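What follows is each chain in one-letter form.
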Amino acid sequence: MAKESLQLCTKCLLPETHETITYDATGLCSVCNNSQEKSTIDWQSRQIELEQIARDTKSLGGNYDCVIPFSGGKDSTFTLYYVVKVLKLKPLVASFDHGFYRDVLLDNRNKVLKKLGVDFVSFTPNWHIVKQLMLASLRDRGDFCWHCHTGVNSFPMRTAVEKNIPLVIWGESSTEYTNYYKTNQFHQIDEELFNRITNLGISAEDMLMRLEGNFELRDLFPFTFPSSEEIKSRGIRSFPLGNYMEWDTQKQVNLIKSELEWEGDQVEGVPSTYDYEKIECMMQGSRDYLKYRKRGYARTTHLTSIDIRNGKLERETGKELVSEYEDKRPHSLQLFMDLIGLTEEELETILEQQLIDPWDGRIPVKIGAKPHDYENWVKKLLVN
Amino acid sequence: MNRLVGIVQLEAGNSASVERALEALGVKAIQVRDVKTLELCSHIILPGVASFGSVIDELQSKKLFAPLKNLYESDIKFMGLCAGMQIMGKGSQENPGVQGLGWFTYENIAIVNNEGSKAFHTGWNSVQMGDSQKILSASDNSSYYFNHSYYVPNVEEAHDDFGRTEYFNSTIVSIFKHSNVVGIQFHPEKSQVEGLDMLKHFVEWD
Amino acid sequence: MDTLFKRIVPKILISQNANLQVIGSITTKEYEKFRFIGSPPSQARIFESNMADEIMLLNLDQDLIDLEMFKDVVSRVSSEIFMPLSAGGGINSIDMASKIFEIGVEKIVVERALQQNPQEISKIANRYGSQSIIGSCTYWGATSLPIPPRLVSRGVVTVDALPTRLASMEQIGVGEVMINDASRDGTRRGSNLVALREALNITSLPIIDSCGFGKTQHFVDSFNSGSSAVAVGTYFAFVDQSFMQLRSQLANHGIRVRLK
């Protein structure tokens, strides 16, 4: 089924293959509906609750008031700024290094951490294991980011458990764009969420079985979320800041740009005006491309849909942008294949098995432009 | 009286599953096997899975029938689950002649399918609360796990104010509340978040 | 009218992993063991977090995984979930069944015992109720090919045998039937709708359709044809679609599923 036949929301452009999307009787999607519902929430009283949580954690007098999971992207940068400047908490900033951070993003991190003045801890997993996990994950899910999804979510929690820090504050709520949780639900970032959304339905124990004895369980420790018992017994609370404030990406991006000199970057497969989303990862373009191959939509659909929802873009213009930008194979895809040791045929065989019904996998022919920092990616990644 | 939740232990019951569900909610329940432990509790759960008759038999032989009977309209909060709800009535077509606790006048009758044969209501279904009062966390949008072949058709004492589930030609009373008692036909301990929520509301009921 | 929600039932198929010396969860292809895909309690935990409808745990290695070991796995899986659990694999006596029920299993799944020990199964139905038993029948749906000998010796029958099998299951006293097309098992090319429709004509018991599910449309077709439930072993193993995601898609197709 070509993209033209996928059911799209009558307002935004999200198709029926978007994770957990449903449509109401008028054809309006659940993401649009949730967005409307969000504006009816009593954010003031939530703000008061958040301030109480901040007071409670400060009164414990620990070495740190909270852990802030940090990549340096727009959400974690805003969250860190808010926690330090507004809530006035002392954070331990924790970052999982998935191996693919881009230069502009690393410069942003350096600037932000120095300007705000915070303690920072980072973890980089074994590169050999990462590459094997990327291949295994790609084979079984058409998504090579398992090590990143699991590591990014596990490392800050493990840090909180090991150092007995009772609070972990994340950024955007999953309810912004998906229906895994109800909009007005105070969901935690806990084992249930990890299993429901984060780990692609594969825990570290499961991955061990899938890799058929090539690893020991301890090799997968960095990708293991702490157990509910470990978290509950220490009374650790872990939630997205988006539970307590009306998330406004544009406002937040403007804030970090002006207050912290945070800079945007160009991402493969999206119009250049969207210089603030997903600028962290070298593999973002390839990742979005694989999503397009599986589900028939990708990053440009997502970003234009947000603007349409907020009344900042006409639906027709959005559609034009989508057909211009999503129909391109990223320049970096070859680099990805070289890194993992995959041929074109092997990739195609994998992708054939990964189609999400009813999308039947139209393949783009055009190739995207070379990213400005591409040569650095080659240097950093192809180390043998 | 301090809050203490007791689960009546029956072989014809699934007390272990209920205990585990409460544990997941952070509630440490005690196992009730005799009058002594029964009397310590502020909240009592009677989970029954087998036939009307076998639950009554067991309560009688464990000498719990009479003490339980006295709990009606007392300060104790009582929850009858599945067969545990059914035995709060007068009797059941399942075991004619066997007397229930008699708190309510209902008689349990067999579920019949379109062909007129006995049927089981086994699976997930929704509950219609309609205009009825709020009963624990029950809502029209939730789904619960049912597993029974006899049902309560009406609870006069509750004046039609209860949750219902339609199945074939039967209108099943799926949840009701009256005085200090809640009757639940489905299995909250097998109904995931929505079921656990129901147990949580019961435990917090003062 | 049958108002029950349609169910999707992930199957956790257990087998002994010699390398790792653990009992793992596996997928099969045409009823041959295919790949290890996880740890049973971990998979159960993941399905619970996804609000799955029911879990079916099947022992594929009855020679290596005895009753005690099986009970241990059942127990560990049961402790992860707050939804109905079915379990099967070599259950052929009321004694075995009662030990399995005791650890928190709602229904047992039986196949060979229906042929070899039907009276025992009837005894179980009498004591625990017919709704506590799922009768399973595995057939070879690829009528243009002969049944592989390895499957004949395991009791897999031709499609023609389905009517008799279903009738005898009703007589024995099962509460639900599960039909499995071994030729489609693990292939993800679609389930056997012809056999399903025939089965629906023969029995009024709820039918669990199994084997071959690979796309959302397959589920839609099976449910629209009249199955009460779909059991899947391979579906969630190799595709980027979780239980909750599938459920949303089915709701969009008008299938009466539980929706969070």
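In this report, we go over the structure that sits alongside the text.

Parameters and conventions
- Residues numbered from 1 in each chain as written.
- Chains lettered and ligands numbered in written order.
- Predicted model: local features only at pLDDT ≥ 70, side-chain atom pairs only at ≥ 80, totals over all residues.
- Heavy atoms only, no water.
- Helix = DSSP H or I, 4+ residues; strand = E, 2+ residues; numbered from the N terminus.
- Rg over C-alpha atoms; globule rule 2.2 N^0.38 Å.
- Buried < 20%, exposed > 50% of the residue type's maximum accessible area, 1.4 Å probe, protein only.
- Contact = heavy atoms within 4.5 Å.
- Pairing = 2+ DSSP bridges.
- Right-handed = clockwise from strand over helix to strand, strands pointing away.
- Axes fitted to C-alpha atoms, helices over the stretch in contact; angles between N-to-C directions.
- Core = buried A, V, L, I, M, F, W, Y, C linked by side-chain atoms within 4.5 Å.
- Phe/Tyr/Trp six-rings, centres within 6.5 Å; stacked < 30°, edge-to-face > 60°.
- Buried area = accessible area lost by both parts, 1.4 Å probe.
- Polar contact = N/O pair within 3.5 Å; in protein donor to acceptor, adjacent residues only side chain to side chain.
- Nonpolar A, V, L, I, M, F, W, Y, C, P; charged D, E, K, R; others polar.
- Salt bridge = Lys/Arg side-chain N within 4 Å of Asp/Glu carboxyl O.

## Overview of the overall build of chain C
Okay, so step 1: Counting its secondary structure elements, chain C contains 10 helices and 11 strands.
Okay, so step 2: Relative to the compact-globule value of 18 Å for 260 residues, chain C shows a C-alpha radius of gyration of 17 Å, a close match.
Okay, so step 3: Evaluated residue by residue, chain C yields a buried proportion of 65% over its 260 residues.
Okay, so step 4: Intrachain contacts of chain C at a sequence separation of at least 6 include 66% that bridge at least 24 residues.

## Digging into the pairing of strand 1 (residues 66-69) of chain A
Residues and elements named next belong to chain A.
Okay, so step 1: Of the two faces of strand 1, both are covered, the one formed by Cys66 and Ile68 as well as the one formed by Val67 and Pro69.
Okay, so step 2: Sheet topology places strand 1 next to strand 2 (residues 91-96); 4 bridges connect them, and they run parallel. Bridging across to strand 2, Ile68 finds its partner in Val93.
Okay, so step 3: At this point the chain moves from strand 1, through helix 3 (residues 74-86), to the parallel strand 2, and the crossover so formed is right-handed.

## Structural notes on the sheet that holds strand 11 (residues 170-178) of chain B
Through backbone hydrogen bonds, the strands of a sheet pair up, either in parallel or in antiparallel fashion.
Residues and elements named next belong to chain B.
Okay, so step 1: Sheet architecture is open: 7 strands sit in the order 2-1-3-4-12-11-10, paired in mixed fashion. Across the chains shown, the open sheet's two edge strands, defined by having one partner strand only, are strand 2 (30-32) and strand 10 (162-167). When the angles between neighbouring strand axes are averaged without regard to direction, this sheet yields 20°.
Okay, so step 2: For strand 1 (residues 5-8) and strand 2, the ladder comprises 3 bridges, and the chain directions are parallel. For Gly6, the partnering residue across the bridge sits in strand 2 and is Ile30.
Okay, so step 3: Contacting strand 1, strand 2, strand 3 (43-48) and strand 4 (77-82), helix 1 (residues 15-24) runs over the sheet at an angle of about 160° to strand 1.

## Thoughts on the nonpolar core
Okay, so step 1: Residues Ile8, Leu57, Ile108, Phe219 and Leu250 of chain C are the most contacted members of the largest nonpolar core, which totals 65 residues.
Okay, so step 2: The greatest single-element share of this core, amounting to 5 residues, is contributed by helix 3 (residues 94-102) of chain C.
Okay, so step 3: Excluding its chain neighbours within four sequence positions, the residues that come into contact with Ile8 of chain C are Asp53, Glu54, Phe219, Phe223, Val230, Val232, Phe236, Phe243, Leu246, Leu250 and Val257 of chain C.
Okay, so step 4: One finds Leu28, Val84, Val118 and Met245 of chain A within the second-largest nonpolar core, a separate group that totals 50 residues.

## So, the environment of Asp197 of chain B
Okay, so step 1: Looking at the element boundaries, Asp197 of chain B is found in helix 6 (residues 192-204).
Okay, so step 2: Each C-alpha atom of the pair Asp197 of chain B and Gln9 of chain B lies 22 Å from the other, and the pair is 188 residues apart in sequence.

## Examining the packing of aromatic side chains
All names here are of chain A.
Okay, so step 1: Using the criterion set out here, one finds 33 aromatic pairs over all chains in the structure.
Okay, so step 2: For the pair Phe96 and Phe223, a centre-to-centre distance of 6.2 Å together with 75° between the ring planes defines the contact as edge-to-face. Of this pair, Phe96 sits in strand 2 while Phe223 sits in the loop between helix 8 (204-210) and helix 9 (228-233), and the two are 127 residues apart along the sequence. Each of the two residues, Phe96 as well as Phe223, counts as buried.
Okay, so step 3: Ring geometry for Tyr292 against Trp359: centres 5.7 Å apart, planes inclined by 65°, an arrangement best described as edge-to-face. Taken together, the residues Tyr292 in helix 11 (residues 284-295) and Trp359 in the loop between helix 15 (344-352) and strand 7 (366-367) connect sequence positions 67 residues apart.

## Considerations on the interface of chain C and chain A
Okay, so step 1: Across the boundary between the two partners, chain C contributes 36 residues, which contact 37 residues of chain A.
Okay, so step 2: In total, chain C and chain A occlude about 3,100 Å² of area from one another, counting both sides; carbon and sulfur atoms represent 44% of this.
Okay, so step 3: Across the chain C-chain A interface, the total number found is 27 residue pairs in polar contact (both at pLDDT 80 or more).
Okay, so step 4: In the side of chain C that touches chain A, the residues fall into 12 nonpolar, 18 polar and 6 charged.

## Observations concerning the pattern of salt bridges
Okay, so step 1: For the coordinates displayed, the defined rule picks out 41 salt bridges over all chains.
Okay, so step 2: As a salt-bridge pair, Glu348 of chain A and Arg293 of chain A come within 2.8 Å of each other at their nearest N and O atoms. Taken as a pair, Glu348 of chain A in helix 15 and Arg293 of chain A in helix 11 lie far apart in primary sequence, 55 residues in all.
Okay, so step 3: Residues Glu106 of chain C and Lys190 of chain B are paired through a salt bridge, measuring 3.3 Å at the closest nitrogen-oxygen approach. Taken as a pair, Glu106 of chain C in the loop between helix 3 and strand 6 (107-110) and Lys190 of chain B in the loop between strand 12 (181-184) and helix 6 lie in two separate chains rather than in one. In this structure, Glu106 of chain C and Lys190 of chain B share a single accessibility class: buried.
Okay, so step 4: Among the ionic contacts, a cluster of salt bridges with common partners joins Lys74, Asp75, Glu277, Asp288 and Arg299 of chain A.

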